[in-house]
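Report on the structure
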Amino acid sequence: QVQLVESGGGLVQSGGPLRLSCAASGRTFSTYNMGWFRQAPGKEREVVAGINTSTGSSYYAESVKGRFTMSRDNAKNTVYLQMNNLKVEDTAVYYCAADYRSPRWYNRSEYRYWGQGTQVTGSS
């Protein structure tokens, strides 16, 4: 069993940066492929980014490519989502997820564990 706790959300002016963190419990964190999703009001949860633990490769939704960067620190059992040039349309609750079956990083049904989410709001 893995518990995920997100932090770092908040209100950010359009164009600004924000970094989200996701702390995981458990000694097997380094073996998990990880992902970030988001859900805006009235919309379905959508993938933002994923990272493969074996290759270290990261993947991004087209809407955030070039602006967001996902990384991990296995020594700290933590994954990060660095968000730059935030836009109003990035406003959503952001969720950390763990243990997808490669290569389907984009498919939310592939993930076994989820955090509770953290709110990110971009203001104009």
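For the structure, check the block above.
Please read all numbers here as calculations on a predicted model, not as lab measurements.

**Focus on the overall build of the protein chain**
- The helix and strand inventory of the protein chain stands at zero helices and eleven strands.
- Compactness check: the protein chain gives a C-alpha radius of gyration of 13 Å against a globular reference of 14 Å for 124 residues, within 12% of the reference.
- Each principal axis of the C-alpha atoms in the protein chain carries an extent, and together these give about 40 × 25 × 25 Å.
- Sequence separation of 24 or more characterises 58% of the internal contacts of the protein chain that already satisfy a separation of 6 or more.
- A gap of 4 Å separates the mean positions of the 14 positive and 9 negative side-chain charges of the protein chain.

**What to know about unusual backbone geometry**
- With an omega of 10 degrees, the peptide bond between S102 and P103 qualifies as cis.
- Of note, the phi angle at D99 is positive, near 75 degrees, even though the residue is not glycine.
- Mapped onto the elements of the fold, D99 is located in the loop between β9 (92-98) and β10 (113-114).
- Owing to a relative accessible area of 14%, D99 belongs among the buried residues under this scheme.

**Overview of the side chain of N52**
- On the secondary structure map, N52 appears in the loop between β5 (46-51) and β6 (58-60).
- Under the relative-accessibility criterion, N52 is labelled buried at 7%.
- Here S54 takes part through its backbone nitrogen, which lies 2.8 Å from a polar atom of the side chain of N52.
- Separated by 3.0 Å, the side chain of N52 and the backbone nitrogen of T55 make a polar contact.
- The contacts of N52, once residues within four sequence positions are left out, are N33, S57, Y59, Y100 and S102.

**Remarks on the state of the cysteines**
- Per the stated rule, a full pass over the model turns up one disulfide.
- Through a disulfide, C22 is tied to C96; the S-S separation comes to 2.1 Å. A torsion of -80 degrees about the S-S bond marks the disulfide between C22 and C96 as left-handed. Taken together, the positions of C22 in strand β3 (residues 18-24) and C96 in strand β9 put the pair 74 residues apart, joining distant regions of the chain.
- You can call C22 buried: its relative accessible area is 0%.

Calculation criteria
Residues numbered from 1 in each chain as written. Predicted model: local features only at pLDDT ≥ 70, side-chain atom pairs only at ≥ 80, totals over all residues. Heavy atoms only, no water. Helix = DSSP H or I, 4+ residues; strand = E, 2+ residues; numbered from the N terminus. Rg over C-alpha atoms; globule rule 2.2 N^0.38 Å. Contact = heavy atoms within 4.5 Å. Lys, Arg positive; Asp, Glu negative; His and termini not counted. Charge placed at Lys NZ, Arg CZ, Asp CG, Glu CD. Buried < 20%, exposed > 50% of the residue type's maximum accessible area, 1.4 Å probe, protein only. Polar contact = N/O pair within 3.5 Å; in protein donor to acceptor, adjacent residues only side chain to side chain. Disulfide = S-S within 2.5 Å.

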